[in-house]
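# Architecture and fold: a report
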Amino acid sequence: MIELTKHQKKIARKLINLGLHRECAKFMQSTKDFIDKNTSAEDAHDAYLKLYKRIDNFDEHIAQRYDGISGGQYYITVYSLYFDRVLRDEDIREFDDEIYNKLKEDKESLLKK
């Protein structure tokens, strides 16, 4: 497990918040597209149930990823956001070279498998 310094944890918290913002923005856009596509659906109740399921699934995803994160989980959370392409190279560049390179190496090693 990677131990982050106090300064690195501050950067990680900032990046985790950025990840949450990006995931919510992407979800809101996809939900808007879904609503636009299904507004004139013949079965409005079916469209509503699908919308509800989308929101419920996203809520579960967000809760699992972001709720109750402690300092010891910051690295793995930032890593998962980076691996899932929520965070980009330029985002994680805020870390010092050691953490930046570790994130990149970990991602590349998992992609090779």
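Placed above this text is the structure.
Notes on the structure follow. (Residues numbered from 1 in each chain as written. Predicted model: local features only at pLDDT ≥ 70, side-chain atom pairs only at ≥ 80, totals over all residues. Heavy atoms only, no water.)

### Re empty space enclosed by the protein
Using the criterion set out here, one finds one cavity of 30 Å³ or more in the structure. A volume near 40 Å³ is recorded for the largest cavity. Taken together, Ile 2, Glu 3, Leu 4, Lys 9, Gly 71, Gly 72, Tyr 74 and Tyr 75 make up the lining of the largest cavity. The residue makeup of the lining of the largest cavity, split by class, is four nonpolar, two polar and two charged. (1 Å grid on protein atoms, 1.4 Å probe; cavity = no way out; pocket = protein on both sides within 12 Å on 5 of 7 lines; lining within 4 Å. Points joined across faces, edges and corners; volume = space filled by probe spheres on them. Nonpolar A, V, L, I, M, F, W, Y, C, P; charged D, E, K, R; others polar.)

### What about the nonpolar core?
By size, the foremost hydrophobic cluster in this structure holds 22 residues, and its most contacted members are Leu 15, Val 78, Ile 92, Phe 95 and Leu 103. Taken together, the elements giving at least two residues each to this core come down to helix H1 (6-38), helix H2 (44-66), helix H3 (74-83) and helix H5 (97-112). Considering every element that reaches this core, the biggest residue donor is H3, with six residues. If we ignore the near neighbours within four places in the chain, the residues touching Phe 95 are Gln 8, Ile 11, Ala 12, Leu 15, Val 78, Tyr 100 and Leu 103. (Core = buried A, V, L, I, M, F, W, Y, C linked by side-chain atoms within 4.5 Å. Buried < 20%, exposed > 50% of the residue type's maximum accessible area, 1.4 Å probe, protein only. Helix = DSSP H or I, 4+ residues; strand = E, 2+ residues; numbered from the N terminus. Contact = heavy atoms within 4.5 Å.)

### Section: the pattern of salt bridges
Scanning all chains against the criterion turns up ten salt bridges. Linking Lys 14 and Glu 94 is a salt bridge whose minimum nitrogen-to-oxygen distance equals 3.0 Å. In this pair, Lys 14 sits in helix H1 while Glu 94 sits in the loop between helix H4 (89-92) and H5, placing the two residues 80 residues apart along the sequence. Among the residues examined, Lys 14 registers a relative accessible area of 48% and is labelled partly exposed. Judged by its relative accessible area of 38%, Glu 94 is partly exposed. (Salt bridge = Lys/Arg side-chain N within 4 Å of Asp/Glu carboxyl O.)

### Observations concerning the layout of surface pockets
By volume, the largest pocket amounts to about 180 Å³. Every residue lining the largest pocket is listed: Arg 22, Glu 23, Lys 26, Phe 27, Asp 84, Arg 85, Val 86 and Arg 88. Classifying every residue of the lining of the largest pocket gives two nonpolar, no polar and six charged.

### Side note on a negative patch on the surface
The grouping of Asp 56, Asp 59, Glu 60 and Asp 67 at the surface amounts to a negative patch. Note that Asp 67 resides in the loop between H2 and H3. (Patch = residues over 30% accessible without salt bridge, like charges linked within 9 Å, V, L, I, M, F, W, Y side chains within 5 Å. Areas by Shrake-Rupley, 256 points an atom, 1.4 Å probe, with all protein chains shown as cover. Lys, Arg positive; Asp, Glu negative; His and termini not counted. Charge placed at Lys NZ, Arg CZ, Asp CG, Glu CD.)

### A word on the side chain of Thr 31
Secondary-structure assignment places Thr 31 in helix H1. One polar contact links the side chain of Thr 31 to the main-chain carbonyl oxygen of Phe 27, over a distance of 2.8 Å. Sequence-distant contacts of Thr 31, defined by excluding residues within four places in its chain, comprise Leu 51 and Arg 54. (Polar contact = N/O pair within 3.5 Å; in protein donor to acceptor, adjacent residues only side chain to side chain.)

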